[in-house]
Amino acid sequence: MRTLFDKSAKGRTAVVPAMPEKQAGDMLPQNLLRAKPAHLPELSELDVIRHFTENSHKNFSVDGNFYPLGSCTMKYNAKVLEHIAALPGFTQIHPLIAQLKNGEQYTQGALQAVYEAEQLLCEINGMKAFTMQPMSGANGEFTGVMLIAAYHKDKGNKKTKIIVPDSAHGTNPASAMMAGYEVVNIPSVDGMVDPDVLEKNLTDDVAALMMTCPNTLGLFERNLPKIVEKLRKIDALLYYDGANLNAIMGKMRVGDVGFDVVHLNLHKTMGTPHGGGGPGSGAVGVSERLVPYLPVGRVEKTAEGTYRLNFDYPKSIGYIAPFLGNFSVYVKALAYISRLGKEGIPRAAEYAVLNANYLRKKMESFLTVPFDRICMHEFVSTPPEGMKALDLAKALLEYGIHAPTIYFPLIVHECLMFEPTETENKDTLDNLVTLMQEFVEKGKQDPSFLQQMPLTTPLRRLDETLAARSMVLKQEEE
Ligand SMILES: *Cc1c(COP(=O)(O)O)cnc(C)c1O
């Protein structure tokens, strides 16, 4: 790929404004001037536009094609949400204004947006309070585990362990470790947390169990009431990884089931394009007993109907993120929830589950579906013996469709995990099924057909370990 520097030609420029009477050198103090000119490429405006437009097409996006990447909820996000988040009233306030003396009067609209987003998420999830501060799912998990730690410390509980099922997203054990806990990994039975296996690991020093529901196999946990009861007995808390909210929003409220903490991935479920590292919002909801430990400042509504920031929470875990987190992301979530409303929210979940089950039933004839029952928003599958999940994924790329998630969760052999989301229509799903079936048939007759894929993508197969371990991010200076 040629960089802008490769394309540079001496003397080429875009439109150059007429020179001011004074040169920069006359206006700036001498000690601030560069010793030698910056090494910048010289290009016309058209060169630059073509360069970036071409490159943007090399980047796969849901605006371009189907993106059934399991566990990531790569749904289409309506452009109107971007428009709302970009309103000048939101984008042109200084993030520090609310914290200045009497500054709240200038940010009432923004504070109201925070407050209302929290209230709506409480309603949808059955929680007592929400904080919008965490800036990703993983950051939300870390916040949640810190809240759990603060609770136990406050109560004088000696707790050192957190239980995480083997189907969990890798961020779960990582968050628990970062917050200082020892992680106890428990095996799933028939794809779920088994109350007896849990019981065996449930010593008095267990602080919490982290669950994902529906879990990363796309299965709904069947033993929640029993699990809640066992944890309550030893004052252990129940953490809910809500990254998969898309399957159950408006259908089940985690607070009603007995969960104490939940993090959501608003960037997955509610209106923000994601991938490539953000921006995200990992809003965290808590039950009554964890409210005192929430991050500050909390947005509160006064008796007069105005909004203020309250920092007076002596037991708070403190700041998790500056400026109340990724504001624009949860403004999009607020717009998304407001537009879909009480009827639209569960309907979106229903279509997400319907689409996943449609794919699952269609693919059963040529892939092995290890958990042969109704799935939630996603399902896992395995190709025929001898065929690699990687090769099938690469073949899809050649046909313009993003690969499913592969080799995750680790407990499924040659795992292919599909999550179609509710925003895709039947034609798109059928096209994926036809292609997958064709690949499996061709791959059985001639394994080299799949092994050579992809043929025409900007890069074919790369050494992923090398690419991750020794990334080249800098253009060498000549
Ligand atoms: C995506 C995901 C996470 C992590 O969220 P990030 O926003 O990527 O940090 C955690 N758990 C599950 C189940 C997920 O799907």
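This text follows the structure it describes.
Keep in mind the model is a prediction, meaning the values are calculated, not measured.

Enquirer: Would you mind going over the overall build of the protein in detail, with residue names and values included?
Expert: The number of helices and strands found in the protein is 17 helices and twelve strands. On C-alpha atoms alone, the protein measures out to a radius of gyration of 25 Å, which is about the 23 Å that the 2.2 N^0.38 rule sets for 478 residues. Dimensions along the principal axes, computed over C-alpha positions, put the protein at roughly 80 × 75 × 40 Å. Within the protein, the fraction of its 478 residues that count as buried is 48%.

Enquirer: Describe the nonpolar core, listing the residues and the values that go with them.
Expert: Ranked by size, the top nonpolar core spans 63 residues in total, and within it L121, L266 and M270 carry the most contacts. Ranked by residue count, the leading element in this core is helix α13 (residues 327–363), at twelve residues. Core analysis: the second largest hydrophobic core is formed by 26 residues, A356, C375, A389 and L416 among them.

Enquirer: Outline the environment of H57, supporting the account with residue identities and numerical values.
Expert: Within the secondary structure, H57 is located in helix α3 (residues 45–58). Taking relative accessible area as the criterion, H57 reaches 65% and is therefore assigned exposed. Sequence separation between H57 and K161 is 104 residues, and the spatial gap between their C-alpha atoms is 47 Å.

Enquirer: Which residues make up the packing of α13 against helix α15 (residues 426–445), and what values do they have?
Expert: One way to put it is that α13 packs onto α15 with a least axis distance of 10 Å and a crossing angle of 25°. By the angle between their axes, α13 is roughly parallel relative to α15. At the point where α13 passes α15, the crossing takes the right-handed sense. Mapping the contact onto sequence places N355, Y358, L359, K362 and M363 in α13 and K426, L429, D430, L432, V433 and M436 in α15. Residue composition of the contact of α13 with α15, grouped by class: seven nonpolar, one polar and three charged.

Enquirer: Talk me through the pattern of salt bridges; I want residue IDs and the actual numbers.
Expert: Applying the stated criterion across every chain, the model contains 25 salt bridges. One network of salt bridges, in which partners are shared, links K155, R232, D235, D260 and R289.

Conventions adopted
- Residues numbered from 1 in each chain as written.
- Predicted model: local features only at pLDDT ≥ 70, side-chain atom pairs only at ≥ 80, totals over all residues.
- Heavy atoms only, no water.
- Helix = DSSP H or I, 4+ residues; strand = E, 2+ residues; numbered from the N terminus.
- Rg over C-alpha atoms; globule rule 2.2 N^0.38 Å.
- Buried < 20%, exposed > 50% of the residue type's maximum accessible area, 1.4 Å probe, protein only.
- Core = buried A, V, L, I, M, F, W, Y, C linked by side-chain atoms within 4.5 Å.
- Axes fitted to C-alpha atoms, helices over the stretch in contact; angles between N-to-C directions.
- Parallel < 35°, antiparallel > 145°, perpendicular 65-115°, else oblique.
- Left-handed = near helix turned anticlockwise from the far one by under 90°.
- Contact = heavy atoms within 4.5 Å.
- Nonpolar A, V, L, I, M, F, W, Y, C, P; charged D, E, K, R; others polar.
- Salt bridge = Lys/Arg side-chain N within 4 Å of Asp/Glu carboxyl O.

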